[in-house]
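# Per-entry structural report
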Amino acid sequence: MIGLSESDLLKVDDPQSVWLVYPFDQGTERPIAAFTGFMSAFDLASRLNAFVENGIGIRPVPSTPTNIEVDRYRQLTQVGMTPFLIRLKSHGNMVEVIDGVAENLDEITLENNVSKFVSNIQFRKKVGWEFDLMGTFWAPSRRLAIKKARTFTSMITELENRMPGLFEKKLLFPVHSQI
């Protein structure tokens, strides 16, 4: 299901090729990873094909500059980690594994994915702490990815319970002046 042709296989040891990993339904225009080594690309695609609905393919392309960082996920892949796409919802503390793959395989973080909820006072005032996030969690198994996602949800929930500082209180709960 990886979609390799005979001419692709001839490039396995070609130092002039980079191996793109991409969802079949998106094509090589939207790669999710790129590797200098065939085996890293093959391992990642094989793991993802176990649960990604429309499948994952790999394709060699010339090693000219690509729009994706090459070997960014090599170390994670080599130690046996898999990028699971997980949806987190504050309502009911729900964690759901999605049979798909994110546009990039960077793991979801408080700094990059949740900071807008924590730091945007107007957002907190208007929306509150309800969230519906989807992101990648790297783990050696689905069970451990879910456990990691639950811990992440707990961290977000803990931030919700944090008392706002004096400055935040003035922005969140403005005192209306009497005229």
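As a starting point, this report considers the structure included with it.

What counts and how
Residues numbered from 1 in each chain as written. Predicted model: local features only at pLDDT ≥ 70, side-chain atom pairs only at ≥ 80, totals over all residues. Heavy atoms only, no water. Core = buried A, V, L, I, M, F, W, Y, C linked by side-chain atoms within 4.5 Å. Buried < 20%, exposed > 50% of the residue type's maximum accessible area, 1.4 Å probe, protein only. Helix = DSSP H or I, 4+ residues; strand = E, 2+ residues; numbered from the N terminus. Contact = heavy atoms within 4.5 Å. Expected span 1.5 Å × (residues − 1). Arc of directions from axis to C-beta. Pairing = 2+ DSSP bridges. Axes fitted to C-alpha atoms, helices over the stretch in contact; angles between N-to-C directions. Salt bridge = Lys/Arg side-chain N within 4 Å of Asp/Glu carboxyl O.

### Side note on the nonpolar core
Judged by nonpolar contacts, the single largest core of 33 residues is most densely connected at Val21, Leu44, Leu48, Ile56, Ile58, Ile86 and Leu105. Taken together, the elements giving at least two residues each to this core come down to strand E1 (17-23), strand E2 (33-35), helix H2 (38-49), strand E3 (56-62), strand E4 (82-89), strand E5 (94-98), strand E6 (132-139) and helix H6 (142-160). A total of 5 residues in this core trace back to one element, the largest contributor, which is H2. In this structure Ile86 touches Val95, Glu96, Val97, Leu133, Met134, Gly135, Phe137, Ala145, Ile146 and Ala149, once residues within four positions along its chain are discounted. One finds Val18, Leu20, Ala34 and Ile68 within the second-largest nonpolar core, a separate group that totals 5 residues.

### Overview of H2
With 12 residues, H2 extends 16 Å between its outermost C-alpha atoms, agreeing within 8% with the 16 Å of an ideal straight helix rising 1.5 Å per residue. What H2 keeps buried is the set Phe38, Ser40, Ala41, Leu44, Ala45 and Leu48. What you see down the axis of H2 is that its buried residues fit within an arc of 170°, all on one side. Packed against the buried residues of H2 are E1, E2, E3, helix H3 (74-78), E4 and E6.

### Some points on the pairing of E6
Counting buried residues in E6 gives 6 out of 8 residues, a clear majority hidden from the surface. In the sheet, E4 pairs with E6 via 8 bridges, with the strands oriented antiparallel. Paired with Pro83 across the strands is Trp138, a residue of E6.

### A short note on the sheet that holds E3
Taken in spatial order, the 3 strands line up as E2-E1-E3 in an open sheet, and their pairing is antiparallel. Each edge of the sheet is formed by a strand with only one pairing partner; in this case those strands are E2 and E3. Averaged over neighbouring strand pairs, the angle between their axes works out to 25° when direction is ignored. Summarising the sheet, E1 and E3 pair through 7 bridges and their orientation is antiparallel. Bridge pairing in E3 places Pro23 opposite Ile56.

### Considering the pattern of salt bridges
One pass over the full model with this rule turns up 5 salt bridges. Between Glu96 and Arg87 there is a salt bridge, and its shortest N-O distance comes to 3.7 Å. Relative accessible area serves as the criterion here: at 23%, Arg87 is assigned to the partly exposed category. Taking the shortest distance from any N to any O, the salt bridge between Lys148 and Glu107 comes out at 2.8 Å. Taken together, the residues span a long stretch of sequence, with Lys148 in helix H6 and Glu107 in the loop between E5 and helix H4 (110-119) at a distance of 41 residues. We classify Lys148 as partly exposed; its relative accessible area is 32%. Exposure remark for Glu107: the relative accessible area of 28% places this residue in the partly exposed category. By sharing partners, the salt bridges in this structure join Glu69, Arg72 and Asp106 into a single network.

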